Amino acid sequence: MKNSINRIIHTGTISREEIVRWLRSRGEERAALLSLAGQVKREQVGNKVYLRGLVEYSNRCAKNCLYCGIRGGNSRVRRYTMSDEEVVAAARYARDAGYASLVIQGGEIASPARSREITRLLEKINEATGGSLGITLSLGEQSRQTLDAWKRAGARRYLLRVETSNPDLYARIHPANTRHDFKARVDTLRQLRDLGYQVGTGCMIGLPFQSLDDLAGDLLFFREIDVDMIGMGPYVEHDETPLYRYRGTLLPPAERLDLALKMIAIARVMMKDINIVATTAMQALDKIGREKALRAGANIVMPNITPVKYRAGYLLYRGKPCVDEEAARCKACLDARVRLAGDEVVYGEWGDSRHFAMKTRNINQT
Ligand code: SAM
Ligand code: SF4
């Protein structure tokens, strides 16, 4: 195992079978993988953790993904969209707290009105904060024209999880219609790259019907499309979704979390200088799940700065943490938690993907 890890670190080559073997590892082998991933992280991106204030902008969604609590078909959800003033106030909070970066996330609405709304919002945020925030969008699949307009209005990064790189599994966890099309999702990722975004993607780990081979395929897919950042985390069931009926087939939470930690560790070893998020779903399965993710190779944390009155409306899964925690309280515990993981929070820096910076530099030099 150690030999295979060392070879991969030096040559960058890895087979699907090797990844599956790592995902299965236990005891000493598992410990060796996690410690090597920690070492690669320290060498490549340092012991620094960058923050992105997360704004859960709207839970209105035209899609019906079978796993998601805010799917359009869930009539029990009280729908909301934050006002421009509320988003700008959150952006100011992020700037004053030294977060330096903002993520605007929400359900997928691909309409001309939504396109204009986000363009206007980006302009307002940049005006209010003097363009000081690095802005990431995570608003689902959009037309090239819309993505281009948002980029020109100041968005730098885009997070669009492929969810799974296996088209058959994708079809099993989404309704069978053109709105939920695997190829369209992958095409959007390529468009984002073409448009010059820092591109983030990811998958859910521990889904019903998912195999270790599927997860190995996900990591190879991330590398193939040359991602700049990864946001992946455990699948967590929600009783108001169609996938809930398969809950009896899931790995127990502790094992699901462990699988997610190994995914992070392998991702760090395979794609050394990208940004990797310690996701909230990690914390949903284990109180110190995010800290464990940092130790396994993650380097980004996204503290929730959505106004508390909206948080209960954005329950993607049950047991989501910090639903009633004000942003200021969240900030207070963040430093201590990150230090617990042996890292240090960096304030006032964007923390762009080092991988993206290196690529751009190489392109500019040629
Ligand atoms: N609507 C946009 C999209 O789907 O790309 C962005 C917001 S969506 C809520 C963000 C992510 O939440 C999805 O990419 C999905 O991976 C994750 N998610 C949804 N339901 C989940 C669940 N039950 N467990 C874990 N993650 C979930
Ligand atoms: Fe909508 Fe995103 Fe949830 Fe799918 S995962 S239902 S697109 S919010």
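1. Some thoughts on the overall build of the chain
Helices and strands together make up the secondary structure of the chain, namely 15 helices and 12 strands. A globule of 366 residues ought to have a C-alpha radius of gyration of about 21 Å, and the chain, at 19 Å, matches this closely. Principal-axis analysis of the C-alpha atoms gives the chain an extent of 55 × 50 × 45 Å. Counting the 366 residues in the chain, one finds 58% classified as buried. Counting contacts in the chain only where the partners sit at least 6 residues apart, residues at least 24 apart contribute 76% of the total. Taken together, the 57 basic and 43 acidic charged side chains of the chain have centroids lying 1 Å from each other.

2. Thoughts on the site of ligand 1
Ligand 1 sits among 19 residues. The nearest are Tyr67, Arg161, Glu163, Arg185 and Val236. Contacts to ligand 1 include Arg161, whose side-chain N or O atom sits 2.8 Å from an oxygen atom. Separating a nitrogen atom of ligand 1 from a backbone N or O atom of Val236 is a distance of 2.7 Å. Starting from 550 Å² of accessible surface for ligand 1 in isolation, the protein chains cover 93%. In terms of residue class, the shell around ligand 1 is built from 10 nonpolar, five polar and four charged.

3. Examining the pairing of strand 6 (residues 198–201)
Burial along strand 6 is two-sided: Gln198 and Gly200 facing one way and Val199 and Thr201 facing the other are all buried. Bridge count for strand 5 (residues 155–159) against strand 6 is three bridges, and the pairing is parallel. Among the inter-strand pairings, Leu159 is bridged to a residue of strand 6, identified as Gly200. Summarising the sheet, strand 6 and strand 8 (residues 229–230) pair through two bridges and their orientation is parallel.

4. Regarding the pattern of salt bridges
In the structure shown here, the tally under the stated rule is 29 salt bridges. In this structure, Arg120 and Asp84 form a salt bridge, with 2.9 Å as the shortest nitrogen-oxygen distance. Of this pair, Arg120 sits in helix 5 (residues 112–129) while Asp84 sits in helix 4 (residues 84–96), placing them 36 residues apart in sequence. If you follow the salt bridges from partner to partner, you end up with Lys63, Glu108, Glu141, Glu163 and Arg185 in one network.

5. Focus: unusual backbone geometry
With a phi close to 75°, Glu163 is a non-glycine residue in the positive phi region. Mapped onto the elements of the fold, Glu163 is located in the loop between strand 5 and helix 7 (167–172). For Phe209, which is not glycine, the phi dihedral falls at a positive 70°. Since its relative accessible area comes to 31%, Phe209 is described here as partly exposed.

About the cut-offs
- Residues numbered from 1 in each chain as written.
- Chains lettered and ligands numbered in written order.
- Predicted model: local features only at pLDDT ≥ 70, side-chain atom pairs only at ≥ 80, totals over all residues.
- Heavy atoms only, no water.
- Helix = DSSP H or I, 4+ residues; strand = E, 2+ residues; numbered from the N terminus.
- Rg over C-alpha atoms; globule rule 2.2 N^0.38 Å.
- Buried < 20%, exposed > 50% of the residue type's maximum accessible area, 1.4 Å probe, protein only.
- Contact = heavy atoms within 4.5 Å.
- Lys, Arg positive; Asp, Glu negative; His and termini not counted.
- Charge placed at Lys NZ, Arg CZ, Asp CG, Glu CD.
- Near = heavy atom within 4 Å.
- Polar contact = N/O pair within 3.5 Å; in protein donor to acceptor, adjacent residues only side chain to side chain.
- Areas by Shrake-Rupley, 256 points an atom, 1.4 Å probe, with all protein chains shown as cover.
- Nonpolar A, V, L, I, M, F, W, Y, C, P; charged D, E, K, R; others polar.
- Pairing = 2+ DSSP bridges.
- Salt bridge = Lys/Arg side-chain N within 4 Å of Asp/Glu carboxyl O.

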